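# Overview (structure and organization)
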Amino acid sequence: MNHQRVYEIAFVGLKPGIHVYEYHVDPKLFAHYGEQDFSNCEADIRLSLEKNNSFMLLRFDVGGAAEVNCDRCGNKLQLQLLDEFKITVKMSDEPEVMNDQEEDPDVYYISKGESHLYVGDWIYEFINLSIPMQKMCGADEIGGPQCNKEVLEKLKQMEDEAKKTTNTIWKGLEQFKNLE
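Reading across the sheet, the 5 strands line up as β2-β3-β4-β5-β6 and stay open at both edges, with mixed pairing between neighbours. In the strand order of this sheet, the two ends are held by β2 (17-25) and β6 (107-111), each with one partner. Strand-to-strand twist of the sheet, defined as the mean angle between neighbouring strand axes without regard to direction, takes the value 25 degrees. For strand β4 (residues 55-69) and strand β5 (residues 76-92), the ladder comprises 15 bridges, and the chain directions are antiparallel. Following the sheet pairing, Arg59 is matched in β5 by Lys86. Running over the sheet, helix α4 (residues 120-130) touches β2, β3 (38-51), β4, β5 and β6 and is turned about 135 degrees from β5.

Spelled out as structure tokens, the structure:
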């Protein structure tokens, strides 16, 4: 089955109320979007869609794991994904205009004539947002078996050298420190 069709929801025939969809995301989804900052992502998404007459509330629960490079030592690090996101989808006669004017990023407009809702882009985006900006092992794990000890040693050397070196740019400004 086409990977795009898996993430389509035919909402027209749904009765008002809450409908639950579950998706297992593997690396095939990310191939469509190009190179990522992570690899081997396996995630489970639970989507609760609350259908109302003129709008839908979507709640995405993201869980799973992805492999990233540690920002400190560069070794592979298994990162747990756990997050929740909400989107409100509203119906409109002019969805392009409304989406351009809408300031809230959690509100999205679709045409009143639409019958399917594609959630694959949101799933991709929410998995990316579940990965923190700084990807490092915990403070108690530094120097552990997962860390690259050579890189950590080099960082320690560079830190020691930086402390020893005095910056001559600021020399002479010390006389102005405690002026009243």
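Back to the write-up after that little detour.
Moving on to the pattern of salt bridges. All chains considered together, the criterion is met by 6 salt bridges. Of the charged contacts in the structure, one is a salt bridge between Lys86 and Glu84, with a shortest N-O distance of 3.9 Å. A relative accessible area of 52% means that Lys86 is categorised as exposed. Using a relative accessible area of 38% as the deciding quantity, one classes Glu84 as partly exposed. Ionic pairing is found between Lys112 and Asp93, a salt bridge with its closest N-O pair at 3.9 Å. Of the two residues, Lys112 sits in the loop between β6 and β7 (116-118) while Asp93 sits in the loop between β5 and α3 (95-101), which places them 19 residues apart along the sequence. Judged by its relative accessible area of 53%, Lys112 is exposed. Put simply, Arg59, Asp61, Glu84 and Lys86 are held in one network by salt bridges that share partners.

Rules used throughout
- Residues numbered from 1 in each chain as written.
- Predicted model: local features only at pLDDT ≥ 70, side-chain atom pairs only at ≥ 80, totals over all residues.
- Heavy atoms only, no water.
- Pairing = 2+ DSSP bridges.
- Helix = DSSP H or I, 4+ residues; strand = E, 2+ residues; numbered from the N terminus.
- Axes fitted to C-alpha atoms, helices over the stretch in contact; angles between N-to-C directions.
- Contact = heavy atoms within 4.5 Å.
- Salt bridge = Lys/Arg side-chain N within 4 Å of Asp/Glu carboxyl O.
- Buried < 20%, exposed > 50% of the residue type's maximum accessible area, 1.4 Å probe, protein only.

Interpretation note: all reported values are geometric properties and have no functional meaning in isolation.
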